[in-house]
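The chain contents come next:
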Amino acid sequence: MFFGLTFMAIANSKSSQQRWRDEARARSERMDRHQRLSWLADDHLDADERALLDDLTAQIEADDPPHAARDCPECGRPFVLVRLRGVQLDCCARCRGIWFDPGELKLISEVDSEVPQTQKATRPSRHACPDCGEVMIEYALFNPLNLLVDRCPRGHGVYLEDRELERVFQIS
Ligand SMILES: [Zn+2]
Ligand SMILES: [Zn+2]
């Protein structure tokens, strides 16, 4: 009893709570979007979704995939063209990011809306739109804790970094 109460008192003390918050904030600031994604378990995909991602990887890693007209916003190399569920997409063979024209993410992922429900922009993206060159905006898709995606402020499309489509499948 005595030890239990002591433990409770320490755990509930203001300083320990503050320290925990500080550590949690520092930890989250250290993790960029990629790290946050790989940190999460990836066992929530159904067979269709896993097959689609494997198909995507196979097309990207093909010997000479056709080049798209746009360039990757991360590395500047030309996107390659892939086809998933009958939709032609631009994908970077190096960064593994995917560009979705308006409506395409919805077709691939079957999410209700690819436009963030909250309409709340979080911050400017690190990337520029491959169509118009405007700095994109990071929006919370689904939930701010779950997934941030880059969207062109002029509505040209949405960019998902490596493994973010997998995360969309996991959440949706
Ligand atoms: Zn790239
Ligand atoms: Zn644009």
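Everything quoted here is computed from the prediction, not taken from an experiment.

Chemist: If you had to explain the coordination of the zinc ion (ligand 1) to someone new, which residues and values would you point to?
Modeler: In the first shell of the zinc ion (ligand 1), the protein supplies C72 (SG), C75 (SG), C92 (SG) and C95 (SG), at 2.3 to 2.4 Å from the metal. Taken together, the four donor atoms surrounding the zinc ion (ligand 1) define angles of 104 to 112° at the centre, an arrangement classified as tetrahedral. Counting gaps between the donor residues of the zinc ion (ligand 1) yields the pattern C-x2-C-x16-C-x2-C. Here the residue C75 occupies a position in the loop between β1 (67-71) and β2 (78-84), and C92 occupies one in the loop between β3 (87-91) and β4 (98-100), the gap between them amounting to 17 residues.

Chemist: Tell me what's going on with the pattern of salt bridges, and back it up with residues and numbers.
Modeler: Summed over all chains, the structure comprises nine salt bridges. Ionic pairing is found between D90 and R70, a salt bridge with its closest N-O pair at 2.6 Å. A residue pair is termed long-range when its members are at least 10 positions apart, and D90 in strand β3 and R70 in strand β1 qualify at 20 residues. Each member of the pair, D90 together with R70, is buried. Close ionic contact of R154 with E134 constitutes a salt bridge, the shortest N to O distance being 3.0 Å. Residue R154 is located in the loop between β7 (148-151) and β8 (158-160), and its partner E134 is located in the loop between β5 (121-128) and β6 (135-140); the two are separated by 20 residues in the primary sequence.

Chemist: Tell me about the coordination of the zinc ion (ligand 2), and name the residues and values.
Modeler: At the metal site, the zinc ion (ligand 2) is ligated by C129 (SG), C132 (SG), C152 (SG) and H156 (ND1), and these contacts range over 2.0 to 2.3 Å. Classification of the site at the zinc ion (ligand 2) as tetrahedral follows from its four donor atoms and the range of 103 to 121° in their angles at the metal. Its relative accessible area of 4% is what places C129 among the buried residues. Overall, H156 belongs to the partly exposed group, its relative accessible area being 27%.

Chemist: Tell me what's going on with the packing of aromatic side chains, and back it up with residues and numbers.
Modeler: Within the structure shown, the criterion is met by one aromatic pair. For the cation-ring pair, R151 lies above Y139, with the distance from its terminal atom to the ring centre recorded as 4.4 Å.

Chemist: Tell me about the nonpolar core, and name the residues and values.
Modeler: L89, F100, I108, L160 and L165 are the most contacted members of the largest nonpolar core, which totals 24 residues. Mapped onto this core, the elements with two or more residues apiece are α4 (47-60), β2, β3, β4, α5 (104-109), β8 and α6 (164-171). At four residues, the largest contribution of residues to this core is made by α4. In this view, I108 contacts L52, L84, R85, V87, L89, F100, L165 and F169; residues no more than four positions away in its chain are not counted. Grouped together as the second largest cluster of nonpolar side chains are ten residues, C72, F79, C92 and C129 included.

Cut-offs and rules
- Residues numbered from 1 in each chain as written.
- Chains lettered and ligands numbered in written order.
- Predicted model: local features only at pLDDT ≥ 70, side-chain atom pairs only at ≥ 80, totals over all residues.
- Heavy atoms only, no water.
- Donors = N, O, S within 2.8 Å, 3.2 Å for Na, K, Ca; no water.
- Tetrahedral: all angles 85-135°; square planar, octahedral: opposite > 155°, others 65-115°.
- Helix = DSSP H or I, 4+ residues; strand = E, 2+ residues; numbered from the N terminus.
- Salt bridge = Lys/Arg side-chain N within 4 Å of Asp/Glu carboxyl O.
- Buried < 20%, exposed > 50% of the residue type's maximum accessible area, 1.4 Å probe, protein only.
- Phe/Tyr/Trp six-rings, centres within 6.5 Å; stacked < 30°, edge-to-face > 60°.
- Lys NZ or Arg CZ within 6 Å of the ring centre and 35° of its normal.
- Core = buried A, V, L, I, M, F, W, Y, C linked by side-chain atoms within 4.5 Å.
- Contact = heavy atoms within 4.5 Å.

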